[in-house]
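Coordinate analysis (summary)
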Amino acid sequence: MSCRRTAARLACAMAIFVGPWLTRHAHAQTLTMRAALSRALAASPRLTAAERDVGIATGQRIQAGALLNPELSYEQDNSFGSGNYRGTRSAETTLQISQAFELFGKRDARIAAGAAGIEVAAIQRKAVRLEVLSETAIAFLSVLGAQRRIQILDEQITAIDRLTPLLRRRVEAGASSPAETGRAEVASALVKADRERFKATLASARRELAVLMGDPAAKFGEVSGRLDIMGKTPTFQSVVAAIDANPQLVRWTAVYAQRNAELLMARLRPYPDVRIAAGWRHFNETNGDAMRLTVSVPIPVFDQNQGNILSAQESLAKTKAEREANRNTLIVVAGRAYDSLQGSLRELAVLRETAIPKATEASDAIAQGYGQGRFTLLEVLDAQASVTQARLREQEALQNFHAGVATIEGLVGNPFALAREGAR
């Protein structure tokens, strides 16, 4: 019986200690770029808002095609007066239905403006989708780069700690000063301080990525990916040419059509519509009936809608300037990203061809010579720091390169990489 109680207690204890661990690791799954992009598209409130804009424009298009409602009216004349018109003995009662007819293509113009509005909203949704993909990719790269920097610093701390046994032996043999032990501890502490700074950067990057994926806090583990894979970059002229296919610029064609339809609506408004009415009239005095027919046409004497016409003309003329301003902004953003991308490539070439190999070679030689008493601890630590700084610069350049690629892909109408990473 006591064995059963002991087993039960052990089971409870394991549930208490192991349960939270299993819960944490159930959420701490490795996140890939593809999964991050897919989750961001599914959770983006901006994309949801853009979809609602399409629905709003669709409703406006439906309403634009609606016909005018007929009107039903009732009239009673010659009643409740005096003399022969006392009461309703001499009353004339009229029941009438009327209908206004829009002429000169006014309804067609409204429908055209509504259809163009749907196209504008649909293209804008594509632009928002590209922005979400680009921002999520850059946030993912920030997390990946911060992870890699922390790994490099961990490796440097391990390398410094490996010197401790050798340093102690040298101090015991009288080959080194006891102060060098403190110097090694200081070097290790400074690297650990840098690591803590990068951990804070990583935490911020993880939170930003989590928010883009619809979570208030990061529920994923590490992100997985390779920054060292780089393809051939296109020329800047081809990037500029591709920008013209960006939905942000394509939408201006639909905006122009919408504003052109609005100008036509403004010009057609002064032209009068026709209202036709037919009714039945009853004469109480003679108990007779008669038909009543009316046709009414407004006379556009005072209001020629000149103000709205001028406003629509200026709005239409403004479209071209707005598109050019938008295009110039996109080119500037693309230029910055492209220059950063090219600068990162040149920086990587210097680091990989000279800085990292030479620093590694020197660090290995100095570390070996330190064991033989030919170099001081300060020289060993300085050599290790040079290797670490070169590797950190390499990771920063790699991250900047891929961030530039993600930015450019978010500016072109058909991103060759991001378009394959997720669909909604």
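Residue indices follow the written sequence of each chain, beginning from 1 at its first position. Per-residue local features are limited, in this predicted model, to residues with pLDDT of at least 70; the limit for side-chain atom pairs, both in listing and counting, is 80 or more; totals at the level of whole chains, interfaces and linings are taken over all residues. Neither water nor hydrogens contribute to the side-chain values; these are computed over all heavy atoms in the structure.

With that settled, consider the packing of aromatic side chains. Between rings of Phe, Tyr and Trp, where Trp is taken as its six-membered ring, a pair exists when centres lie within 6.5 Å; planes separated by under 30 degrees are stacked, by over 60 edge-to-face, and by other angles tilted. Per the stated rule, a full pass over the model turns up 2 aromatic pairs. Pairing phenylalanine 104 with tyrosine 271 gives two aromatic rings, centres 5.0 Å apart and planes at 45°, and the pair type is tilted. With phenylalanine 104 in the loop between β2 (92–101) and α4 (106–172) and tyrosine 271 in the loop between α7 (247–268) and β3 (274–283), this pair connects stretches of sequence that are 167 residues apart. Measuring from ring centre to ring centre gives 5.3 Å for phenylalanine 236 and tyrosine 338, while their planes differ by 50°; the resulting arrangement is tilted. Of the two residues, phenylalanine 236 sits in helix α6 (residues 236–243) while tyrosine 338 sits in helix α8 (residues 306–371), which places them 102 residues apart along the sequence. For phenylalanine 236, a relative accessible area of 25% corresponds to the partly exposed category. Throughout, exposure labels follow a simple rule: accessible area from a 1.4 Å probe, protein chains only, divided by the maximum for the residue type, with under 20% read as buried, over 50% as exposed, and the rest as partly exposed. Classification of tyrosine 338 by relative accessible area gives buried; the value is 12%. Note that arginine 197 overlies the ring of phenylalanine 198, its terminal NZ or CZ placed 5.1 Å from the centroid. Secondary structure elements follow DSSP: runs of H or I no shorter than four residues count as helices, runs of E no shorter than two count as strands, and numbering proceeds from the N terminus. Lysine NZ or arginine CZ positioned within 6 Å of the ring centre and within 35 degrees of the ring normal marks a charge as sitting over the ring.

The calculated volume of the second largest pocket comes to roughly 230 Å³. Only protein atoms enter the 1 Å grid, on which a cavity is a set of points fitting a 1.4 Å probe that cannot get out and a pocket is an open set with protein on both sides within 12 Å along at least 5 of 7 lines, lining residues being those with an atom within 4 Å of a point. In terms of lining, the second largest pocket is formed by 14 residues, of which the most central are Glu155, Ala159, Ser363, Gln384 and Val387. Looking at the lining of the second largest pocket, the elements with two or more residues in it are α4, α8 and α9 (377–409). No other element matches the 6 residues that α4 contributes to the lining of the second largest pocket. Any residue outside Ala, Val, Leu, Ile, Met, Phe, Trp, Tyr, Cys, Pro, Asp, Glu, Lys and Arg is labelled polar, Gly included; the first ten of those are nonpolar and the last four are charged. The class makeup of the residues in the lining of the second largest pocket is 4 nonpolar, 6 polar and 4 charged. Grid points are joined across faces, edges and corners, and a volume is the space filled by probe spheres set on the points.

Each patch is assembled from residues with relative accessible area greater than 30% and no salt bridge, linking like charges that lie within 9 Å and nonpolar side chains (Val, Leu, Ile, Met, Phe, Trp, Tyr) that lie within 5 Å. Only the protein chains shown count as cover for residues, and all accessible areas are computed by the Shrake-Rupley method using a 1.4 Å probe. A side-chain nitrogen of Lys or Arg and a carboxyl oxygen of Asp or Glu constitute a salt bridge if their distance falls within 4 Å. On the surface, Leu72, Tyr74, Leu95, Ile97, Trp280, Met291 and Leu293 cluster together into a nonpolar patch covering about 830 Å² of accessible area. Taken together, the elements giving at least two residues each to the nonpolar patch come down to β1 (71–77), β2 and β4 (288–296). For isoleucine 97, the location among the structural elements is in strand β2.

The next point concerns unusual backbone geometry. Notably, phenylalanine 104 is not glycine yet its phi reads approximately 65°, a positive angle. When its relative accessible area of 47% is taken as the criterion, phenylalanine 104 is described as partly exposed. Residues other than glycine seldom take positive phi values, yet asparagine 305 does so here, at roughly 60°. Position of asparagine 305 among the secondary structure elements: in the loop between β4 and α8. Here asparagine 305 falls in the buried class, since its relative accessible area comes to 5%.

Right, let's get into α7. Helices are assigned an expected span. That span is 1.5 Å times one less than the residue count. The end-to-end C-alpha distance of α7 is 32 Å, a good match for the 32 Å that 22 residues give at a rise of 1.5 Å each. For α7, every residue scored as buried is listed here: Pro247, Gln248, Leu249, Arg251, Trp252, Ala254, Val255, Arg259, Ala261, Leu263, Ala266 and Leu268. What qualifies as a polar contact is a pair of N or O atoms within 3.5 Å, subject to a donor-acceptor requirement within protein and to the restriction that residues adjacent in sequence count only when both atoms come from side chains. N-cap assignment for α7: the residue whose side-chain oxygen lies 2.6 Å from the backbone N of glutamine 248 is asparagine 246.

These figures come from the coordinates and say nothing about function on their own.
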